[in-house]
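An overview of the molecular structure
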Amino acid sequence: MADRVTVIGWDGSPLTAAARAALGAATLVAGAAHHLALPEVPPQAERVRLGSVALAARRIAAHRGTAVVFADGDPGFFGVVRTLRAPEYGLEVEVVPAVSSVAAAFARAGMPWDDAQVVVAHRRTLRRAVNVCRAHTKVAVLTSPGAGPAELGLLLDGVHRTFVICEELGTEREQVSVVTSDKAADHSWRDPNVVIVIGGSAGPGAAAEGGGWIAGRDPGTGPRGWVQPDESYGGGLGEGETELLRAAQLARLGPRVGDLVWDIGCGSGAFAVEAARAGAAVIAVDRDPRACARTEAAARGTGVLLQVVQGTAPHVLENLPEPDVVRVGGGGAAVVSAVADRRPQRIVTHAATRDAAELVGRDLTEHGYRVECALLQSVALDTRAWTETERSVAFLLSGVLPDRAP
């Protein structure tokens, strides 16, 4: 095992005295090509080109001597420190940090970033990173080859965002460009790069003047509760939009950051807004232009970002990006069947009669979903006289795809 492992963050600035001292004693140095070319690297030290961090960690663990590992930016922030400290390698590391690439990118843009979401985009996480960009007004994306600005722009089709693209930060080839998301695919971008994605308007979730108290989106703003009273949406909600039914649907779907939610038959927009408040990206669909307008107004009033698509399901669904969870508020068994063909993790819908519920439930079962059905009955009482004011009854159906369930 290496006698000592020092991880040095590099941001293009001159190395600190601590970093130079660690390098001077190093018998093995691992890093990217531009790190290994630094004049401070001892000529007699073994040099390891850093590709797979796991492979490098095994090499370091087997090395007898003193090792130094270079990493761009802050190595403790989505960096190599986590891998090197994994129990299977048994390495104790010292860290000499540098300015993170995210901090450097926002500094170049002249923007604060305590209210930003930060995500990593690899090929396997790109879709979830894009969903965060759909749902939040300020996102920093740490990209990778095959999951860069062009791919982000293509997957944000239909959603307008502004990209601040920072290439090769801290080097002589550093460049900062500002483009709209629909133009990002028209260019070739150099790695490594960081993309700041800006869009929408700050609503109630924005940090207060003078700064907030928690990094990223403040979860403590806005009214409490998964769902809001029906009157918060101007009244006139459909039979499938009652407050308690929405709460049950949200509980079954469990939308979260990184998810894409489809709300088909969005009506007033109440469910779509409440799913967006949970941090998920939302596409709200309705054939009625008045429902689309109400949903957009509800989103503005609540300060959440969502996309509204006017069209008739199931045909309008064909060109939408893949969902994680779906609420079917209208369209019946045919729409539920079309949604199940897209294989989201969870589907929730409701029915007015047992026969209609059985028809939908059988179809979901045939698609491989594990189906649950419950009869929900709610009675509203006037607590001044304890008399009944309203009664609603609905069958709540939910389907979970076992091979995709988390």
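Treat the numbers as computed from the prediction; the structure is a model and nothing was measured. In every chain, residue numbers begin from 1 and rise along the written sequence. Per-residue local features are limited, in this predicted model, to residues with pLDDT of at least 70; the limit for side-chain atom pairs, both in listing and counting, is 80 or more; totals at the level of whole chains, interfaces and linings are taken over all residues. With hydrogens and water set aside, each side-chain value is computed from the structure's full complement of heavy atoms.

Concerning the environment of Val 132
Filter applied, for reference: Only runs of H or I of at least four residues qualify as helices and only runs of E of at least two qualify as strands under DSSP, and these elements are numbered from the N terminus. Any two residues having at least one pair of non-hydrogen atoms within 4.5 Å are treated as being in contact.
Here Val 132 lies in helix α6 (residues 126-135). It is 6.5 Å that separates the C-alpha atoms of Val 132 and Val 257, two residues lying 125 residues apart in sequence. Setting aside chain neighbours within four positions, we find Val 132 in contact with Gln 117, Val 119, Val 139, Val 257 and Gly 258.

Some remarks on the environment of Arg 49
By secondary structure assignment, the location of Arg 49 is in strand β3 (residues 46-49). Placed 19 residues apart in sequence, Arg 49 and Ala 30 show a C-alpha to C-alpha distance of 5.8 Å. Not counting residues up to four positions away in its chain, the partners in contact with Arg 49 are Gly 31, Ala 32, Ala 33 and Leu 36.

Observations concerning the pattern of salt bridges
Basically, it comes down to this: Basic side-chain nitrogens of Lys or Arg form a salt bridge, by our definition, when they fall within 4 Å of a carboxyl oxygen of Asp or Glu.
Here the structure, examined in full by the defined rule, presents 17 salt bridges. Close ionic contact of Arg 384 with Asp 382 constitutes a salt bridge, the shortest N to O distance being 3.1 Å. By sharing partners, the salt bridges in this structure join Arg 128, Arg 256 and Asp 259 into a single network.

As for the side chain of Ser 378
What counts here: Within 3.5 Å is the distance limit for a polar contact, defined as a pair of N or O atoms, with the added protein rule that one can donate a hydrogen and the other accept it, and that residues adjacent in sequence qualify only through two side-chain atoms.
Mapping Ser 378 onto the fold places it in strand β16 (residues 370-382). Only 2.7 Å separates the side chain of Ser 378 from the side chain of Ser 392, close enough to count as a polar contact. The residues contacting Ser 378, other than those within four sequence positions of it, are Leu 244, Glu 390, Arg 391 and Ser 392.

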